[in-house]
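# Survey of secondary and tertiary structure
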Amino acid sequence: METVFSKIIEGSIPSRKVFENERILAFYDIEPAAPVHVLIIPKKYIASMKDVTPEDLPLIAEIHAVAQQIAVELGISESGYRLINNCGPDSGQAVPHLHYHLLGGAKLGALVGTSTSHA
């Protein structure tokens, strides 16, 4: 399926890349929700987290490792960051291509519908 992310992967839409290897691409979000807002995507097309197969699990683990590396490189690892994956329309997933939002660089507010207590 062709999406805005597949066009970014192929290079027909420009992006400010933070990381790239054969399997993963990370780039700055064009509408940042925090001072640091990076999108991390697999180059393999996977529509959403619900479509991840057991064979994809090493790729998911690698995406998480890349997120940790980027957080260190961008100076947000120690102060804290969020790694968010939206799955499906009710979650707010706008692009039907698996992706993670790495957010940080400031004290982030509570997520919608969550309490302020920490369990």
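What comes next is a walk through the structure. (Residues numbered from 1 in each chain as written. Predicted model: local features only at pLDDT ≥ 70, side-chain atom pairs only at ≥ 80, totals over all residues. Heavy atoms only, no water.)

### Some points on the environment of Thr3
Among the secondary structure elements, Thr3 is positioned in the segment before helix H1 (4-10). Given a relative accessible area of 6%, Thr3 falls into the buried group. One polar contact links the side chain of Thr3 to the main-chain amide nitrogen of Phe5, over a distance of 3.1 Å. (Helix = DSSP H or I, 4+ residues; strand = E, 2+ residues; numbered from the N terminus. Buried < 20%, exposed > 50% of the residue type's maximum accessible area, 1.4 Å probe, protein only. Polar contact = N/O pair within 3.5 Å; in protein donor to acceptor, adjacent residues only side chain to side chain.)

### Some words on the side chain of Gln93
Looking at the secondary structure, you find Gln93 in the loop between strand E4 (81-84) and strand E5 (100-104). Since its relative accessible area comes to 14%, Gln93 is described here as buried. Ignoring sequence-local partners within four residues, the contact set of Gln93 consists of Ala47, Ser48, Asn86, Cys87, Gly88, Leu98 and His99. (Contact = heavy atoms within 4.5 Å.)

### Comments concerning the pattern of salt bridges
One pass over the structure, following the stated rule, counts 7 salt bridges. Here Arg23 makes a salt bridge to Glu62, at a shortest N to O gap of 2.7 Å. Placement of Arg23 in the loop between strand E1 (17-20) and strand E2 (24-28) and of Glu62 in helix H2 (residues 57-73) is noted, with a sequence separation of 39 residues between them. Residues joined by salt bridges that share partners form a network here, namely Lys17, Glu20 and Lys43. (Salt bridge = Lys/Arg side-chain N within 4 Å of Asp/Glu carboxyl O.)

### Some thoughts on the pairing of E5
Within E5, 5 of the 5 residues are buried, leaving the element largely enclosed by the surrounding structure. Residues of E5 alternate between two faces, with Tyr100, Leu102 and Gly104 on one and His101 and Leu103 on the opposite face, all of them buried. Across 5 bridges, strand E3 (residues 36-42) lies against E5 in antiparallel orientation. Paired with Val36 across the two strands is Gly104, which belongs to E5. As paired elements, E4 and E5 share 4 bridges and run antiparallel to each other. Within E5, the position partnered with Arg82 by the bridge is Leu103. (Pairing = 2+ DSSP bridges.)

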